[in-house]
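# Architecture at a glance
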Amino acid sequence: MQSLIQAALNRSRATLMLFVFLLIAGLMAYQTIPKEANPDVVIPMMYVSMGLEGISPEDAERLLVRPMEQELRALEGVKKMTATASEGHASVMLEFDAGFDPKQALQDVREKVDTARSKLPSEADEPRVHEINIALFPVMTLSLSGPVSEAELVFLARRLKDAIEGIPEVLEVDIAGDREDLLEILVDPQILDQYGIDYTQLFNLVSRNNRLVAAGSLDTGAGRLAMKVPGVIESLEDVMSLPVKVSGDTVVTFGDIAVLRRTFKDPTGFARINGQPGIVLEVKKRSGANIIATIEQVRSLIQAAEAQLPADIQVDFIMDQSIDVRNLLSDLLNNVLTAVVLVLILILATLGLRSALMVGLTIPGAFLTGILMIWAIGYTLNIIVLFSLILVAGMLVDGAIVVSELADRYLREGHTPAQAWVQAASRMSWPVIASTATTLSVFLPLLFWPGVVGEFMKYLPATVILCLLASLFMALVFLPTMGGVLSSRAIVQEKAPGPGLALYRHLLTRLLKHPLLTLLGMLSLIALIYTAYGRLNHGVEFFPSLEPETLQLHVRARGDLSVYEKDALLQALEARLNHHPEVESLYARSFAAPSTQMGSDVIGVLQFRLIEWHQRRKAAEIIADMREKTEDFVGIVLEFREQEMGPGQGKPVELQISAQSPERMLQAADQIRQRMLELGGFIDIEDDRTLPGIEWRLGVDREAAARMGADVLSVGNAVQLVTNGLLLANYRPEDANDEVDIRVRLPGHWRSLDQLERMTLSTHRGQVPLSEFVRLEPAPKIGTLHRVDGIRTLTLKADLAEGFRLDERLRQLADLYPQLPEGVEVKIRGEDADQKEASTFLITAFILAILLMTLILVIQFNSLYQTLLVLSAILFSTAGVLMGLLINGQSFGIVMVGMGIIALAGIVVNNNIILIDTYNLLRTEGMEAFEAALETGCLRLRPVLLTAITTILGLMPMVLGVNVNLLEPSLGLGAPSTQWWTQLSSAIAGGLAFATLLTLLLTPCMLVLGAKWLKR
């Protein structure tokens, strides 16, 4: 190693040029690296969607879901298969094992879907296979609202969608609330009876007259002429002229008997923004595109378009992820600058101006080199990478401080600058390499974290590893070169020890005389901390909870409500909660049927975007205020939810109940709900059972219908006239991107249950009333059906009340399971399953890291006792982790504190390695164990304190939730961006502070104790 350091110093100009090149290249990489909010995570899930308009949930399960499940079950690597069947729609969700090949899986799924297609009804829509990718989620949501007609809003939204999709970085724009176009033909039923129109004949006439016939070409010898028979419907006039009845020479067209209008399909929901009718555009960027640059272009386009929009139209930005990324980039810059300034002040006070400046330069050097390597391997600058850079800020100078402190001592002893820095870097090279290797060894297993959480978190160890490798080169190559060039020979003088060093020497001397007593005292202190944490802890959670930027209100109601009745309930709530001083915008959405992620009785959602966090109260207080304002609403249930962050989203309690008998499954769900209420601690309990309601069934007497010359198909066609309309054909007008259905239906005032009984069919016996062979009967309504791995399943979810722990509540609830009906199986899913998976991996990673560190330490020291001594510091430092969480009032986060302990394991051994390395050197020079331990402690006091304090200072902004902006002097307290990592930074800071105390006081005593035992 000495030859490399000497070569770098001998060619100092080339070395410094390389350093400058790395700084410039790092700055350029920082400017050009794609910046985005979420990492490009491939979620191991795909889903197949199928549709058949008007089909009931039971029929969707039988005709769509089961044939598809039968084929997909044979796929390799499928961990879980979930299916839902609802009115007119069905889907099958596939969850694959971690580490699957997404391209191969997609190809296999498509092959199986193609095979299953032949088993589905011919009228069903083509099944579609969808991938799920976090990077393709919307990065911006904007709304158009105003007192204008729905048709005008949809027209403007579509124009805006086309314009935004013209930006190269934009992948696509979805319009939430966009309704399908429809060409509606309204016909009076009495006119249909009068003309005796047969529905089958009507369909055949229209479809045969809506054809483009390629009639070939004609070669006359004098030229070749292409021939065609244009008959495709292109306009309303074409539909008006279509024949509907032919009798002899008389032709009746739609224009004679019907009213035609271009409209939309029946609404399935309504949207409003701040009380005004609205429509929402969701913008998705291309994978790898820079989120900040992309959204700037979108905003510029919207700003230019606003001048051309009607004066009443309001454009609001509901969600903009580039703001979060900007804030994080700003926080990163502030944290790095703060860390550099704190390190400079600290080193300036201890080592002098030159050393402070040189060590200070290694921080941006390591950062920018790390960013350059991140950019080179194809990573983006996402939230996880940014937080990783903030986390690593305090670790980057450890090696540089150790080398510069030793070089400073050599300079005072009279060495030339070149000699001092080469000897210091050479002497400390293997301890610094060993300490960096141990830190890397704890982060290395985290690269193999399985599942979605692992896909998110793998960016953290990768970033830390790259930055630490860069810092190693800074400490052992570039810093000695700068020191050799810029340092001057120090005046040789005997420096009197400071009062701090004298006090430490006195304390250590007394402790070294009683090493066993010191060990017992430290063990007692650790036991005391563990006992205190056991009594005063703040609970356990999976992911940290953050101060949200948005709130949601899920409105629940039961009964066969129309979409208009549901919207009226939602409007009443809007009127009560609109114009709240701490709400920036209110987005309301009502719907006929909620998505599968919501409860089956949710009729609408209110989404509140809050004003800036520093201008308002805590979200919990705002929710309490809103609850108070709406407590007099009866007949509906209101469920307030905060914005969820991280991969563990959804309610923490999730139980899957399955049984062959639906009755037993419902009975078990009722028993579990009742037990939850008795135990307490469970709130907002919901399940996805079918809601009570009525559906009307038309029982056809096939024998009587056959006598009348009718069948089930003709009855169905007659019913469709009253409901959604009878589909005759499709056409593609100039202003539409997709095909538009042409449907014939009755006018609005004729669409009722009574009309079904009055409907007639045109048969060979004339006009026959449906009531002759059709019975209209009420029956219990079947809602959405859910299946898991081919079995009907009911899912029960709940939130936890404040002050209750998930693991403890689930243990209490488990006592009920043996008492459930026979054949019922209960599986625990959701956050508990995620917690167990994450805990298992983190424990495995911790054990693997310990084994790797043991190997490195045995190579370094060639002593099992000294290796065990270093590793014991890791175990003892966990007491400091718990102390840090207690002092800062943080709960024990499975993911964050677990990662903190693993990261801490690599950090706390560093000072021990350098301390023991110095002790071994002094012993080889002939010192006794007592004197060697004492001198080692005094020699390493300054570098140990410096490295520990710089790491802790680098983490303090996150520990305290403080954001210091040095460029435009300001101080932010409790910013949401700092809350994510408070647990992790508290764990590391507390553990490192305690471990430093152990390193300086206990480790020398253990070395003396070890020497006594080895003598015996």
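These figures come from a predicted structure and were not determined experimentally.

### Here we look at the overall build of the protein
- Broken down by element type, the protein carries 32 helices and 34 strands.
- For the C-alpha atoms alone, the extent of the protein along its principal axes is close to 125 × 85 × 55 Å.
- Burial analysis of the protein (1016 residues in total) assigns 53% to the buried set.
- Accessible surface, the protein as shown: approximately 46,300 Å² in total, 56% of it carbon and sulfur.
- Charge centroids of the protein, computed over 86 positive and 113 negative side chains, lie 7 Å from each other.

### Some points on the packing of aromatic side chains
- Applying the stated criterion across every chain, the model contains four aromatic pairs.
- Note on Tyr379 and Tyr459: the rings are 4.7 Å apart at their centroids and 55° apart in plane angle, and the pair reads as tilted. Residue Tyr379 is found in the loop between α12 (353-376) and α13 (383-392), and its partner Tyr459 is found in helix α17 (residues 459-486); the two are separated by 80 residues along the sequence.
- Aromatic side chains Trp449 and Phe841 sit 5.3 Å apart centroid to centroid with 25° between the ring planes, which places their arrangement in the stacked category. Residue Trp449 is found in the loop between α15 (417-443) and α16 (451-457), and its partner Phe841 is found in helix α27 (residues 831-861); the two are separated by 392 residues along the sequence.
- Looking at Trp449, the relative accessible area reads 6%, which means it is buried.

### Considerations on the packing of helix α1 (residues 2-10) against α17
- It is at 9 Å that the axes of α1 and α17 come closest, and there the two elements cross at 45°. Judged by the angle between their axes, α1 and α17 are oblique. Judged by the twist between their axes, the crossing of α1 over α17 is right-handed. Across the interface between the two elements, Ile5, Ala8 and Leu9 of α1 pack against Leu476, Val477, Pro480, Thr481 and Gly484 of α17.
- In the contact of α1 with α17, the residues fall into six nonpolar, two polar and no charged.

### Some remarks on the environment of Trp980
- Here Trp980 lies in the loop between α31 (976-979) and α32 (982-1015).
- Along the sequence, Trp980 and Ser595 sit 385 residues apart, while their C-alpha atoms lie 29 Å from each other.

### A closer look at the domain arrangement of the protein
- Looking at the assigned domains, one finds that the protein contains domain 1 (1-32 + 352-487 + 499-543 + 836-1015), domain 2 (43-132), domain 3 (198-214 + 228-256 + 694-781) and domain 4 (550-693 + 784-830).
- On the side of domain 4, eleven residues touch domain 2, which itself brings 14 residues to the contact.
- Of the roughly 1,000 Å² buried where domain 2 meets domain 4, counting both sides, 45% is carbon and sulfur surface.
- For the domain 2 face of the interface with domain 4, the top three residues by lost area are Glu61, Lys80 and Thr84, together amounting to 42%.

### Observations regarding the packing of helix α29 (residues 894-924) against helix α30 (residues 929-959)
- Running from N to C, α29 and α30 point in directions that differ by 150°, and their axes come no closer than 9 Å. Viewed along their axes, α29 and α30 adopt a mutual orientation that is roughly antiparallel. Considering how the two elements wind past one another, α29 and α30 form a crossing that is right-handed. Residues Asn911, Ile914, Leu915, Thr918, Tyr919, Leu922 and Arg923 of α29 form the contact with α30, whose own contacting residues are Ala929, Ala932, Ala933, Glu935, Thr936, Gly937, Leu939, Arg940, Val944, Thr947 and Ala948.

### Some thoughts on the pattern of salt bridges
- Taken as a whole, this structure holds 47 salt bridges when the rule is applied.
- For Arg641, the salt bridge goes to Glu639, with nearest N and O atoms at 2.7 Å.
- Arg641 sits in the buried class, given a relative accessible area of 14%.
- When its relative accessible area of 3% is taken as the criterion, Glu639 is described as buried.
- A salt bridge links Glu703 to Arg707; the nearest nitrogen and oxygen atoms lie 3.4 Å apart. With Glu703 and Arg707 both in helix α23 (residues 702-707) and four residues apart, this pair spans about one turn of that helix.
- The class of Glu703 is exposed, set by a relative accessible area of 58%.
- Within the structure, one salt-bridge network assembled from shared partners comprises Arg556, Arg558, Asp601, Glu639, Arg641, Glu686 and Asp799.

### Here we look at the sheet that holds strand β7 (residues 181-187)
- As summarised here, the arrangement of the four strands in space is β12-β7-β25-β24, forming an open sheet in which the pairing is mixed. Since the sheet does not close on itself, it has two edges, and those belong to β12 (258-264) and β24 (726-731), each with one partner. Neighbour-to-neighbour, the strand axes of the sheet open up by a mean angle of 25°, direction not taken into account.
- Bridging between β7 and β12 involves seven bridges; their strand directions are antiparallel. What sits directly across from Leu182, in β12, is Thr263.

### A word on the environment of His554
- Mapped onto the elements of the fold, His554 is located in strand β17 (residues 550-556).
- In sequence terms His554 and Val637 are 83 residues apart; their C-alpha atoms lie 8.3 Å from each other.
- Discounting chain neighbours no more than four positions away, the residues touching His554 are Met598, Val602, Gly604, Val605, Val637, Leu638, Glu639 and Arg641.

### Brief notes about unusual backbone geometry
- One non-glycine residue, Asp684, adopts positive backbone phi at about 50°.
- Tracing the backbone shows Asp684 in strand β22 (residues 682-687).
- Even without glycine at this site, Asp789 takes up a positive phi of about 50°.
- Assignment of secondary structure puts Asp789 in the loop between β29 (785-788) and β30 (791-800).

### Focus: the side chain of His580
- Its location among the elements puts His580 in the loop between α20 (563-577) and β18 (583-591).
- Using a relative accessible area of 4% as the deciding quantity, one classes His580 as buried.

### Some points on a nonpolar patch on the surface
- A cluster of nonpolar side chains, namely Leu444, Leu447, Phe448, Ile843, Ile847, Leu848, Leu851 and Leu852, defines an oily patch on the protein surface of about 750 Å² accessible area.
- Note on placement: Ile843 falls in helix α27.

### A closer look at the side chain of Asp567
- Summarising the element assignment, Asp567 is placed in helix α20.
- The class of Asp567 is buried, set by a relative accessible area of 7%.
- Look past the residues within four positions of Asp567 in its chain and what remains in contact with it is Phe270, Arg272 and Ser590.

### Some words on the nonpolar core
- Among the nonpolar cores identified, the biggest contains 187 residues, and Leu142, Leu144, Ile164 and Trp449 are the most heavily contacted of them.
- It is α29 that provides the largest number of residues to this core, a total of 18 residues.
- Not counting residues up to four positions away in its chain, the partners in contact with Leu144 are Leu153, Leu156, Ala157, Leu160, Ile273, Pro277, Gly278, Ile279, Leu281, Ile313, Gln314 and Val315.
- In terms of nonpolar packing, the next biggest core, distinct from the first, is built from 43 residues, Val719, Val740, Ile742 and Val744 among them.

### With respect to the confidence of the model for the protein
- Model confidence for the protein is summarised by a mean pLDDT of 84, while 96% of its residues fall at 70 or above.
- Averaged pLDDT values for the elements of the protein fall to 68 in α31 and rise to 92 in helix α2 (residues 12-32).

### What about the pairing of strand β33 (residues 962-965)?
- Note: β33 against strand β34 (residues 970-973), four bridges, orientation antiparallel. Bridge pairing links Val962 to Leu973 in β34.
- The turn joining β33 and β34, which pair antiparallel and follow one another in sequence, is formed by four residues.

### Describing helix α3 (residues 57-72)
- Of all the bends in α3, the greatest reaches close to 35° and is centred on Val65; the proline Pro67 follows between one and four positions later.
- If you check which residues of α3 are buried, you get Pro57, Ala60, Glu61, Leu64, Val65, Pro67, Met68, Glu69, Glu71 and Leu72.
- Each element contacted by the buried residues of α3 is listed here: β1 (42-51), β2 (78-86), β3 (89-96), α4 (102-117), β29 and β30.

### A look at the state of the cysteines
- A full pass over the atoms with the stated rule returns zero disulfides.
- In this structure Cys938 is a free cysteine whose sulfur lies 12 Å from that of Cys1005, the closest cysteine sulfur available.
- Residue classification places Cys938 among the buried positions, given a relative accessible area of 11%.
- A residue is classified by how much of its surface remains accessible, and Cys1005, at 0% relative accessible area, is buried.

### Here we look at α29
- With 31 residues, α29 extends 45 Å from end C-alpha to end C-alpha; this agrees with the ideal 45 Å at 1.5 Å per step.
- For α29, a buried count of 27 out of 31 residues is recorded, marking the element as mostly surrounded by other parts of the structure.

### Some details on the environment of Phe203
- In this fold, Phe203 is placed in helix α7 (residues 199-208).
- Along the backbone, Phe203 and Gly926 are 723 residues apart, and their C-alpha atoms lie at a distance of 106 Å.
- If sequence neighbours within four positions are ignored, Phe203 has contacts with Leu727 and Leu728.

Calculation criteria
- Residues numbered from 1 in each chain as written.
- Predicted model: local features only at pLDDT ≥ 70, side-chain atom pairs only at ≥ 80, totals over all residues.
- Heavy atoms only, no water.
- Helix = DSSP H or I, 4+ residues; strand = E, 2+ residues; numbered from the N terminus.
- Buried < 20%, exposed > 50% of the residue type's maximum accessible area, 1.4 Å probe, protein only.
- Areas by Shrake-Rupley, 256 points an atom, 1.4 Å probe, with all protein chains shown as cover.
- Lys, Arg positive; Asp, Glu negative; His and termini not counted.
- Charge placed at Lys NZ, Arg CZ, Asp CG, Glu CD.
- Phe/Tyr/Trp six-rings, centres within 6.5 Å; stacked < 30°, edge-to-face > 60°.
- Axes fitted to C-alpha atoms, helices over the stretch in contact; angles between N-to-C directions.
- Parallel < 35°, antiparallel > 145°, perpendicular 65-115°, else oblique.
- Left-handed = near helix turned anticlockwise from the far one by under 90°.
- Contact = heavy atoms within 4.5 Å.
- Nonpolar A, V, L, I, M, F, W, Y, C, P; charged D, E, K, R; others polar.
- Domains from an automatic or database assignment.
- Buried area = accessible area lost by both parts, 1.4 Å probe.
- Salt bridge = Lys/Arg side-chain N within 4 Å of Asp/Glu carboxyl O.
- Pairing = 2+ DSSP bridges.
- Patch = residues over 30% accessible without salt bridge, like charges linked within 9 Å, V, L, I, M, F, W, Y side chains within 5 Å.
- Core = buried A, V, L, I, M, F, W, Y, C linked by side-chain atoms within 4.5 Å.
- pLDDT = per-residue confidence, 0-100.
- Bend = angle between axes of the 7 residues up to and from the residue.
- Disulfide = S-S within 2.5 Å.
- Expected span 1.5 Å × (residues − 1).

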